[in-house]
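Fold and contact review
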Amino acid sequence: TSHESQMLDKQYCELKQKFDDAQQRHTEFVQECDQKQSKYSEDLQQLQSELHSKQSEIATLHASIKEHSEQMSNVKRELHEAQQQILNMTSIVDVNQKLPTVDETLLLFQSIRDQQHADVCAALKTFLKQQHPAWQRCYVA
């Protein structure tokens, strides 16, 4: 029985050692899992922060796109109005037209006698320079 007792003690010691080793591995595994969970939590927070930042950036870009779209619409409208004014100035008469058409101006100049032509040109230059001093010389000359 002494021999059996020694064998049981030996088996007990071996089992206790295996249990302690398993318990140590379990503790290390739990610690490793906790570390990974902590890292994953930090990564998740960082990704959520980046997502929020990108969503804000997208909202800003959408607002900018809307603003630029409105500006383009205004510019297109102004271009259309300018094109209409150019058409009106060439030969088409409009009710709101402030200046005579090119054809009307040519007819007026052709009807002036040759000796009066220089006087009329000088008067026109003076008038244009007084009314629009910022106009370049080549437009007034």
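Residues numbered from 1 in each chain as written. Predicted model: local features only at pLDDT ≥ 70, side-chain atom pairs only at ≥ 80, totals over all residues. Heavy atoms only, no water.

Some thoughts on the overall build of the protein
- Per the secondary structure count, the protein includes four helices and zero strands.
- Of the regular secondary structure in the protein, the N- to C-terminal order runs α-α-α-α.
- When burial is assessed residue by residue, the protein has 3% of its 141 residues classed as buried.
- Carbon together with sulfur atoms contributes 57% to the accessible area of the protein, which is approximately 13,200 Å² in total. (Helix = DSSP H or I, 4+ residues; strand = E, 2+ residues; numbered from the N terminus. Buried < 20%, exposed > 50% of the residue type's maximum accessible area, 1.4 Å probe, protein only. Areas by Shrake-Rupley, 256 points an atom, 1.4 Å probe, with all protein chains shown as cover.)

What about the confidence of the model for the protein?
- Averaged over all residues, the pLDDT of the protein is 85; the fraction at 70 or higher stands at 85%.
- Here helix 4 (residues 137-140) stands out as the element of the protein with the lowest mean pLDDT, 62, in contrast to helix 1 (residues 2-90), whose mean of 92 is the highest. (pLDDT = per-residue confidence, 0-100.)

Here's the deal with the pattern of salt bridges
- Tallied over the full model, the rule gives four salt bridges.
- For Glu-32, the salt bridge identified is with Lys-36, shortest N-O distance 3.4 Å. Of this pair, Glu-32 and Lys-36 both sit in helix 1, separated by four residues, roughly a single helical turn.
- Take Glu-32: its relative accessible area is 38%, and that puts it in the partly exposed class.
- On the basis of relative accessibility, which here comes to 42%, the residue Lys-36 falls in the partly exposed class.
- One salt bridge connects Arg-77 with Glu-81, and the closest N-O pair in it is separated by 3.5 Å. Of this pair, Arg-77 and Glu-81 both sit in helix 1, four residues apart, roughly one helical turn. (Salt bridge = Lys/Arg side-chain N within 4 Å of Asp/Glu carboxyl O.)

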